[in-house]
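Descriptive analysis of the structure
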Amino acid sequence: MAILEEPIKEVLVLKNYIDGEWVESEGELHDIVNPATRKVIAKAPSSTEKEVDEAVKAANQAFPEWRKTTPLARCRCLFRLKELLEENFEELSRIQTMEHGKTIDESRGETRRGIENVEVATGIPSLMMGETLEDIATGIDEYLIRQPLGVFSCIAPFNFPFMVPLWFAPYAVATGNCVIVKPSPRDPISQVKLGELVDEAGFPPGVWNIIHGGGEVARALLENKDIKGACFVGSTPVAKEIYKKCGEVGKRVIAQGGAKNFIVIMSDADLEKTIPALMTSFYGNTGQRCLSGANALVVGDDAFYKKFLQEFVDAASKIKIGYGLDEGIQMGPMQSEEGKRRVLGFIEKGIEEGAKIILDGRKVEIKGNYPLDCFLGPTVFENVKPYMTIAKEEIFGPVASIIRAKSLDEAIDIIHTSRYGNAACIFTSSGKTAREFQYRVQCGNIGINIGIAAPMAFFPFSGMKDSFFGILHGQGKEVIRFFTESKVVIQRWW
Ligand code: NAD
């Protein structure tokens, strides 16, 4: 199949989007490299503290008028944005593939999931409504109104460069707040393209801002006293640090962290349907998904285990690897050489600790003539024990660890040894088993005969233990609560 046309044809120099203007940063530039072709496609700045302050100032100046803009009028900007996103759907998706490496179909899925959040946020006139009760005492009524707070920051990870800021930003602005998005410094182009559409959609200057940079810029946003809250998605150590910092400085925070997800396969699972779902779970997005399967927990006798293993490895070894803009490809490269090196380290550790490698992704064959720098094939380990590093740590790459359990009880006990609690899935044909699993497992997102338990935009994106720090989650009704202050009014008229 032919390679789709690349939307980025020359090296882009990315600018910050502050107060409705694209402003060149005075900060140092670094290269953004297409992980498949290894060509430089953009240069992104590490913004200065002064630039962060300017963005915060612009957002705060925009806030009073934006707050007064009626929810319906605010939504009109979101409706225009939604139309523009649809018109630019394919270009947005191809940009994700170019800067991240994921396949074009994965990018299209990401674009769709991002747009769905804009759609849900357009329901704000209903979603933001308060509560009322008359006659709380004779002649006295009480009601609750939800008011926006001011300016929020959104600090995003590299693995979904388009979608993750859309878990927050549309709801922030729909509720009358202003937002500053800091994309991942590794793949910030998608947010720039999104910013161009935000600009075209007619949001007033300062309502939606974008500032580039890494940890330094994120810290400047966290320390700025004129920002009311932070939405963070990324690794657990940083999520913890951000949660702590926000507590110290009195900011609201949603901090979504890393993951190590278990997928339980019961011997009554329909393997014909389960195996394809597992391939997407373990190897989709090249394993760089916080909802990816990482540990397969197989419950069954030796005959079932053997059959499962055979089918899993057969399917994994057939995955076509290459440049994501080739529509025949099923798995792209890792997003960076550094990410690949990290995964290689885990593979070596797995071997060293006694797990048996039965499919070795280090010997990768790809379609097309591309440098192998970031490519890695699907890898499978068996004889993995729950105490091994590869079973405990987040690998964030295309590596499956197969663990055996004697029963559902033992499988749940193993899941509970993990410090993470992002997602857990079960494949079974028994409703009783599924219900037991859903009831007992301490993870925020549960899949039943689903390999990627990704909540839709109108449900919260949950997470427990070291995968989530905070109370209210992103997306859905919870994020509306997060972005608003509840004010209670008690009134009596003589
Ligand atoms: P990361 O933690 O390295 O970076 C995330 C963001 O934080 C980036 O914008 C980065 O610039 C910024 N940052 C880095 N160091 C910082 C610091 N010390 N203080 C403040 N900000 C800092 O994460 P990543 O590698 O970009 O993303 C992968 C991780 O994200 C994985 O652990 C994955 O599981 C997790 N993730 C979680 C979810 C979820 O919903 N729970 C979703 C997607 C990704």
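As shown above, the structure is provided for reference.
Scope of this entry: the structure provided in the associated data block.

About the thresholds
- Residues numbered from 1 in each chain as written.
- Predicted model: local features only at pLDDT ≥ 70, side-chain atom pairs only at ≥ 80, totals over all residues.
- Heavy atoms only, no water.
- Pairing = 2+ DSSP bridges.
- Helix = DSSP H or I, 4+ residues; strand = E, 2+ residues; numbered from the N terminus.
- Axes fitted to C-alpha atoms, helices over the stretch in contact; angles between N-to-C directions.
- Contact = heavy atoms within 4.5 Å.
- Parallel < 35°, antiparallel > 145°, perpendicular 65-115°, else oblique.
- Left-handed = near helix turned anticlockwise from the far one by under 90°.
- Nonpolar A, V, L, I, M, F, W, Y, C, P; charged D, E, K, R; others polar.
- Salt bridge = Lys/Arg side-chain N within 4 Å of Asp/Glu carboxyl O.
- Buried < 20%, exposed > 50% of the residue type's maximum accessible area, 1.4 Å probe, protein only.
- Phe/Tyr/Trp six-rings, centres within 6.5 Å; stacked < 30°, edge-to-face > 60°.
- Lys NZ or Arg CZ within 6 Å of the ring centre and 35° of its normal.

1. Examining the sheet that holds strand E19 (residues 423-427)
The seven strands lie next to each other as E15-E16-E17-E14-E13-E19-E20, forming an open sheet whose pairing is mixed. Among the strands making up the open sheet, the edge pair consists of strand E15 (356-359) and strand E20 (445-448). Neighbour-to-neighbour, the strand axes of this sheet turn through a mean angle of 25°, independent of strand direction. As judged from the three bridges shared by E15 and strand E16 (residues 379-382), these two strands associate in the antiparallel manner. Bridge pairing in E16 links Leu359 to Val380. Contacting strand E13 (261-266), strand E14 (293-299), E15, E16 and strand E17 (399-405), helix H11 (residues 302-317) crosses the sheet at an angle of about 175° to E17. Taken strand by strand, helix H12 (residues 337-352) contacts E15, E16 and E17, and its axis lies near 25° from that of E16.

2. What about the packing of helix H10 (residues 271-283) against H11?
It is the contact of H10 with H11, at a shortest axis distance of 10 Å, that shows an interaxial angle of 55°. In terms of orientation, H10 and H11 fall into the oblique class. For H10 against H11, the interelement crossing comes out right-handed. From H10, Leu271, Ile275, Leu278, Met279, Phe282 and Tyr283 reach across to H11, where they touch Phe304, Lys307, Phe308, Glu311, Phe312, Ala315 and Ala316. Here the residues of the contact of H10 with H11 sort into eleven nonpolar, no polar and two charged.

3. Examining the pattern of salt bridges
Counting across every chain of the model gives 35 salt bridges. The closest approach of N and O atoms between Lys50 and Glu54, which form a salt bridge, is 3.6 Å. One end of the pair is Lys50 and the other is Glu54, both in helix H1 (residues 49-68) and four residues apart, which spans about a single turn. Exposure remark for Glu54: the relative accessible area of 34% places this residue in the partly exposed category.

4. Description of the packing of aromatic side chains
A complete count under the given rule lists 16 aromatic pairs for this structure. Between Tyr243 and Phe469, the ring centres sit 5.9 Å apart and the planes meet at 40°, which makes this aromatic pair tilted. Here Tyr243 is found in helix H9 (residues 236-249), whereas its partner Phe469 is found in strand E22 (residues 468-469), with 226 residues between them in sequence. Ring geometry for Phe482 against Phe483: centres 5.2 Å apart, planes inclined by 70°, an arrangement best described as edge-to-face. Grouped by ring-pair contacts, the aromatic residues Phe282, Tyr283, Phe308 and Phe312 constitute a single cluster. Stacked on the ring of Phe158, the Lys or Arg Arg186 has its end atom at 3.7 Å from the ring centre. Sitting over the ring of Tyr305, Arg404 keeps its end group 4.2 Å from the ring centre.

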